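As a plain string of letters, each chain reads:
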Amino acid sequence: MKLLIVIPARYASTRFPGKPLALIAGRSLVERVYRNCAKVRNAKVIVATDDTRILKHVRAFGGEAMMTSERHPSGTDRAAEVARRHACEVVINVQGDEPLLLASVVRKIADAMFREKKLEMATLAHPIKKTQDYQDPNVVKVVLDHNGDALYFSRAPIPFFRGSRTQDPGSSHRHIGIYAYRRSFLLRYVKWPQSFLEKAEKLEQLRALERGVKIRVLKTSYEAIGVDVPSDVRKVERLLKRR
């Protein structure tokens, strides 16, 4: 096995308890994410959870799930625990709250890792279209160098246009929280302590940048649509009907 896709799924969510099991047009959120990832060729997909209810549910619809520690501070740590038990070359950490994620998007980031053997980490972004998103601290922005590697991630509007009354959102990119790691790198990465910038911005990918690790950022037209609160379920169901 060369490609491992891990979907971290916690039951205890402050804003939406039991979110992975929430039904969206008759199927649970975690099942929709799992089935989309299962379409990625030559990949093993595992849901990493800390709750037996999620474990049993995933196995009931025919998926593969694994119990992980309750003490993990992030989904990345949960993905690393799964990676320790499975020999593979590349690990993709997929957000468990994006039921509309396309298999082609996951495949794109995987292909980049297999194509460029020196890459240790990669992620995705798309151009920001709305000024509101550009200024929203909940929307993570990223700026790139000429090679397509990340210079910095921030919740602040970057780049900042000094001397201009208007800011051009199209010059910035919105980060999409899907990560691909070389397995060997991921197992090193989770052992590093939180960095200064990571703590300041509450963005764990900055830990890698502060260590001098290059993060390849692939551009995509896919715009992440996540389920954060119960009211988001209706929004996703409306989008599914349009599809």
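Below: a short report on this structure. (Residues numbered from 1 in each chain as written. Predicted model: local features only at pLDDT ≥ 70, side-chain atom pairs only at ≥ 80, totals over all residues. Heavy atoms only, no water.)

**A short note on the pairing of strand S8 (residues 141–144)**
Phase 1: With 4 bridges connecting them, S8 and strand S9 (residues 150–154) associate as antiparallel partners. Each residue of the ladder has a partner; that of leucine 144, found in S9, is alanine 150.
Phase 2: Of the strand pairs in this sheet, S8 and strand S10 (residues 173–182) are connected by 2 bridges, and their pairing is antiparallel. The partner of lysine 141 across the bridge, within S10, is arginine 174. (Pairing = 2+ DSSP bridges. Helix = DSSP H or I, 4+ residues; strand = E, 2+ residues; numbered from the N terminus.)

**Observations regarding the pattern of salt bridges**
Here the idea is simple: oppositely charged side chains can pair when their charged atoms come close.
Phase 1: All told, the structure shown has 16 salt bridges when counted by the stated rule.
Phase 2: We note a salt bridge from arginine 107 to aspartate 111, for which the minimum N-O separation is 2.9 Å. Within this pair, arginine 107 and its partner aspartate 111 are both found in helix H4 (residues 103–115), separated by 4 residues, close to a single helical turn.
Phase 3: Between lysine 235 and aspartate 232 there is a salt bridge, with the nearest N and O atoms lying 3.5 Å from each other. (Salt bridge = Lys/Arg side-chain N within 4 Å of Asp/Glu carboxyl O.)

**Describing the pairing of strand S6 (residues 90–93)**
Phase 1: Side chains of S6 alternate between two faces, with Val90 and Ile92 and Val91 and Asn93 buried alike.
Phase 2: In this sheet, S6 lies alongside strand S1 (residues 3–9) in parallel orientation, the contact comprising 4 bridges. The residue of S6 that forms the bridge with valine 6 is asparagine 93.
Phase 3: One ladder, built from 4 bridges, connects S6 with S10; its direction is antiparallel. Counted as the bridge partner of valine 91 is tyrosine 181 from S10. (Buried < 20%, exposed > 50% of the residue type's maximum accessible area, 1.4 Å probe, protein only.)

**Quick word on helix H3 (residues 75–84)**
Phase 1: Burial runs high along H3: 8 of the 10 residues are buried.
Phase 2: Of all the residues in H3, the buried ones are Thr76, Asp77, Arg78, Ala79, Ala80, Glu81, Val82 and Ala83.
Phase 3: Where H3 is buried, its residues contact S1, strand S4 (43–49), strand S5 (65–67), S6, S10 and helix H6 (183–189). (Contact = heavy atoms within 4.5 Å.)

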